[in-house]
Amino acid sequence: MKKILSLLILSFLFIPVFALPGFTPYLPDNSGDYVFYRDNSFERESYLGILTYDEETYQMRYFAPTDKVNFLPEKNIQILFTVNKDKDYLELTGEKIITAITPNTEDVEIVNYMHDMFYELNSRRIKADPVIPAASEYVSNKSFWDNGISVDTDFAQFGGKVSMVYDVMVPLFNLKKIEDAEGNSIFALVTFGTLASSLDSSFDDFNGTTSRLIKKEAGVTLDRKAEANIYEYGNMKIKLDKNWSQTMENLWLLGDSALVSASMIPSYEKLADRFDDFVIRRLLMSSQDSFIEVPGILIKEEKNGYSITSNIYQQKTDNTVKNFKILRKNKDGSFNLILITVFQKDYLANKKYFDDLIAKNK
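This section reports on the structure supplied with the text. The structure displayed is predicted, hence computed values, not measured ones. (Residues numbered from 1 in each chain as written. Predicted model: local features only at pLDDT ≥ 70, side-chain atom pairs only at ≥ 80, totals over all residues. Heavy atoms only, no water.)

Looking at the pairing of strand β9 (residues 185–194)
Point 1. Most of β9 sits out of view: nine of its 10 residues are buried.
Point 2. Relative to β9, strand β1 (residues 33–39) runs antiparallel, the two being bridged by seven bridges. Opposite V35, over in β9, you have F192 as the bridge partner.
Point 3. As defined by bridge partners, strand β8 (residues 175–179) adjoins β9 across three bridges and the pair is classed as antiparallel. (Buried < 20%, exposed > 50% of the residue type's maximum accessible area, 1.4 Å probe, protein only. Helix = DSSP H or I, 4+ residues; strand = E, 2+ residues; numbered from the N terminus. Pairing = 2+ DSSP bridges.)

A word on the nonpolar core
Point 1. Formed by 67 residues in total, the largest nonpolar core has its most connected members in F192 and L327.
Point 2. A per-element tally of this core places helix α1 (residues 106–128) first, with eight residues.
Point 3. Beyond its immediate stretch of four places on either side in the chain, L327 contacts I265, V279, I280, L283, N304, G305, Y306, I308, F335, N336 and L337.
Point 4. Counting residues in hydrophobic clusters, the runner-up holds 22 residues, among them Y231, F324, I340 and I358. (Core = buried A, V, L, I, M, F, W, Y, C linked by side-chain atoms within 4.5 Å. Contact = heavy atoms within 4.5 Å.)

Remarks on the pattern of salt bridges
Point 1. In this structure the tally under the stated criterion is 19 salt bridges.
Point 2. Put simply, D273 and R274 hold a salt bridge, and the shortest N to O gap is 2.9 Å.
Point 3. With relative accessibility at 58%, the residue D273 sits in the exposed group.
Point 4. Residue D276 pairs with K329 through a salt bridge whose shortest N-O separation is 2.7 Å. (Salt bridge = Lys/Arg side-chain N within 4 Å of Asp/Glu carboxyl O.)

Let's talk about the packing of aromatic side chains
Point 1. Evaluated as defined, the whole model comprises 21 aromatic pairs.
Point 2. Geometrically, the ring pair formed by Y347 and F354 is tilted, given 6.3 Å between the ring centres and 35° between the ring planes.
Point 3. Looking at Y347, the relative accessible area reads 7%, which means it is buried.
Point 4. Accessibility expressed as a relative area gives 1% for F354, which makes it buried.
Point 5. An aromatic cluster is defined as three or more aromatic residues linked by ring pairs; in this entry it consists of Y34, F36, Y47, F203, F206 and F291.
Point 6. Its end group placed over the ring of F155, R124 keeps NZ or CZ at 3.8 Å from the ring centre.
Point 7. One Lys or Arg, K176, reaches over the ring of F144 and ends 3.9 Å from the middle of that ring. (Phe/Tyr/Trp six-rings, centres within 6.5 Å; stacked < 30°, edge-to-face > 60°. Lys NZ or Arg CZ within 6 Å of the ring centre and 35° of its normal.)

As structure tokens, this is what we get:
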């Protein structure tokens with residue numbers, strides 16, 4: 001259970017002041033926010049990540065895992081950029097390569113590519129403005145992967161005519177994916193998150209795609225006739241059964257297989273007109289050593305709030321957990337949050353039990 005307790009930490013930093021030059025995003029970024037994309041413009045499996053330190057300092061990272069078939073070693077290149085925050089376009093004030101590169105090799109080309117992409121992604125995001133849910137072309141009634149605003153443009157790096165899909169839920173450039181004329185994703189968001197502290201090395205440690213083939217394995221054994229229990233926390237009622245043990249006022253454990261927690265998210269007046277979206281984005285962010293899998297995200301508007309379903313990959317332990325967040329909105333604009341987290345193998349072995357548990361607590 002200790003392996004998933006870190007998922008309880010909700011990083012609601014109410015100091016949202018950061019934005020890249022030239023545009024004001026609908027949802028401001030926070031220090032430590034990052035994104036990673038699968039970049040199919042390379043022949044080998046490749047990823048490009050961007051991290052914000054503050055409104056003047058950003059880091060880009062190119063990563064390619066070891067390719068045993070083609071005998072290619074792992075490649076990791078990182079660049080630190082500083083920008084002029086007072087300009088309405090991207091003006092670099094400093095650039096430092098913070099990993100070793102080999103001269104006269106493709107490393108130099110990759111560095112140049114990263115430099116160009118920083119400019120390109122910023123200038124194209126400025127042209128796409130405004131990226132807001134109220135825009136007539138904004139799609140918000142499909143799966144998370146298909147929501148957003150699609151902008152048709154020419155992009156030589158990706159072969160000519162492409163569609164760039166922007167979504168307010170994605171930090172930094174708001175870019176979710178770039179698709180070619182046939183609808184194939186050629187630059188696609190795979191995960192995004194926020195660093196917990198200066199000691200959190202998740203951005204440096206991310207080592208590639210999080211999606212894996214999950215096999216159905218033997219899971220936890222449950223007493224299906226266990227007596228029902230109703231717990232109260234604040235104005236919340238949490239419906240469980242005797243399979244669960246209460247270890248704190250707002251925390252219940254199902255052995256080492258799952259946990260349920262309850263918490264409250266206070267309203268925030270400065271973002272009152274977009275607070276729902278702000279809360280949902282923060283709840284989607286990957287936490288330390290754990291990476292949300294973008295293709296598995298499902299957001300539903302419920303009668304009195306929202307439900308969020310996602311898969312979280314814990315890279316260091318090679319585990320995947322199912323993560324369910326139930327948000328109930330209060331009259332004062334605040335939210336009650338019930339978090340249900342269960343190891344994937346235990347969820348698959350007891351799918352009806354957990355699905356019923358989630359439905360009872362909505």
